[in-house]
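Here are the chains, one letter per residue:
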Amino acid sequence: MEACPCGSAQPYSQCCEPLIRGERAARTPEALMRARYSAYAKTEVDFIVATTHPEKRDGLLTDGIRRWSERSIWHGLEIIATDVALDDQSGSVEFIAHYTEKNIKKKHHELARFDRLEGTWYFTDGAPVPPKQFVRAQPKVGRNEPCPCGSGKKYKKCCESV
C-alpha cells in the first residue's frame, strides 16, 4: 500500500486518490488542500485545474504547473490551521508544502482560500504567509555588559560563550 503524499498516514487509494479520480468530492477545504498537494506530487494537472474556482481558471499556466510538478521532489504537507466560515460556504487552510526544486529544499507557506459553489469546494486564491517577527522575552544583553547570571564577568566571557 502506497502512503498518501498528503501526509495523512492513510493509503493513497483511500485518502486522496478517490478525490483526484472524481470518485468522491472533498468534504472540507482541508480535504481539498490535501488532494491538491497530492495532485502536485503525482502530476495530476487536470485535477488541479478542475478544483480551481471557475472564475480563477483563466490564465492558469497548465504547462508551468506540469513542469513544476514533474521537476520537484515532494516531501510532505504540513497543515498549520484550518477555518471554515459559519455559513459553510468559504474557508481557509494555512499550510506549508515541503519540496525540493533544482536540488534546493524549499518550503511554500501559504494561506489558501476556498469557496463552495453548488456544493463543491474550489481553491479560490492564496497568499504567502509572512514570517512572524521574533520578540524577545527579556532585554537583549550586550557582549560587554555584565552577565545576567550574576557571575560578575562580562557576558562575552561568561554565558555567551557557552
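Just so you know, these numbers come straight off a predicted model, no measurement behind them.

A. Just the pairing of strand β3 (residues 104-117), in detail. Bridge count between strand β2 (residues 90-101) and β3: 12 bridges; the pairing is antiparallel. From the neighbouring strand, Y99 faces β3, where its bridge partner is K106. Between β2 and β3, which follow one another and run antiparallel, lie 2 residues, and K102 among them has a positive phi close to 55 degrees. When β3 meets strand β4 (residues 120-128), the two strands line up antiparallel, connected through 8 bridges. Counterpart to R113 in the pairing with β4 is D125. Connecting β3 to the antiparallel partner β4 that follows it, the hairpin turn spans 2 residues, and E118 within it adopts a positive phi of roughly 50 degrees.

B. Up close: the pattern of salt bridges. Evaluated as defined, the whole model comprises 8 salt bridges. Residue R21 is joined to E44 by a salt bridge in which the shortest nitrogen-to-oxygen separation is 3.3 Å. With R21 in the loop between α1 (17-20) and α2 (29-42) and E44 in the loop between α2 and α3 (45-50), this residue pair connects regions lying 23 residues apart in the sequence. Looking at R21, the relative accessible area reads 44%, which means it is partly exposed. For R116, the salt bridge identified is with D88, shortest N-O distance 3.5 Å. Of this pair, R116 sits in strand β3 while D88 sits in the loop between β1 (72-84) and β2, placing them 28 residues apart in sequence. Judged by its relative accessible area of 23%, R116 is partly exposed.

C. Focus on the nonpolar core. By size, the foremost hydrophobic cluster in this structure holds 28 residues, and its most contacted members are C16, F95 and F114. For this core, the secondary structure elements donating two or more residues are α1, α2, α3, β1, β2, β3 and β4. Of the residues forming this core, the biggest block, 6 residues, is contributed by α2. Apart from the residues within four sequence positions on either side, F95 is in contact with M33, L77, E78, I79, I80, H108, H109, E110 and A112.

D. Up close: the packing of aromatic side chains. Per the counting criterion, the structure on display carries 7 aromatic pairs. Between the aromatic rings of Y40 and W74, the centroid separation amounts to 5.9 Å while the plane-to-plane angle is 40 degrees, which identifies the pairing as tilted. Placement of the pair is Y40 in helix α2 and W74 in strand β1, with a sequence separation of 34 residues. Note on Y40: relative accessible area 16%, which makes it buried. Taking the relative accessible area as the measure of exposure, W74 reaches 16% and is therefore buried. Pairing F114 with F123 gives two aromatic rings, centres 5.8 Å apart and planes at 70 degrees, and the pair type is edge-to-face. The pair F114 / F123 is uniform in exposure class, with both members buried. A cation over an aromatic ring shows up here: K42 above the ring of Y12, its NZ or CZ 4.6 Å from the ring centre.

What counts and how
- Residue positions within a chain follow its written sequence, with the count starting from 1.
- Totals for whole chains, interfaces and linings use all residues, but because this is a predicted model, local features are given only for residues with pLDDT of at least 70 and pairs of side-chain atoms are given and counted only at 80 or more.
- Hydrogens and waters are ignored; side-chain quantities use all the structure's heavy atoms.
- Should DSSP find at least two bridges between two strands, the strands are taken to pair.
- Secondary structure follows DSSP: runs of H or I at least 4 residues long count as helices, runs of E at least 2 residues long count as strands, and numbering of each begins at the N terminus.
- A side-chain nitrogen of Lys or Arg and a carboxyl oxygen of Asp or Glu constitute a salt bridge if their distance falls within 4 Å.
- A 1.4 Å probe rolled over the protein chains alone gives each residue an accessible area, and that area as a share of the maximum for its type sets the label: buried under 20%, exposed over 50%, partly exposed in between.
- What we call a nonpolar core is a set of buried Ala, Val, Leu, Ile, Met, Phe, Trp, Tyr and Cys residues that are connected through their side-chain atoms within 4.5 Å.
- Contacts between residues were defined by any pair of non-hydrogen atoms, one from each residue, lying within 4.5 Å.
- Put simply, two rings from Phe, Tyr or Trp (the six-membered ring, in Trp's case) pair if the centres are within 6.5 Å, and we call them stacked under 30 degrees between planes, edge-to-face over 60, tilted for the rest.
- Ring-over charges, as used throughout, are those where CZ of Arg or NZ of Lys falls within 6 Å of the ring centre and within 35 degrees of the ring normal.

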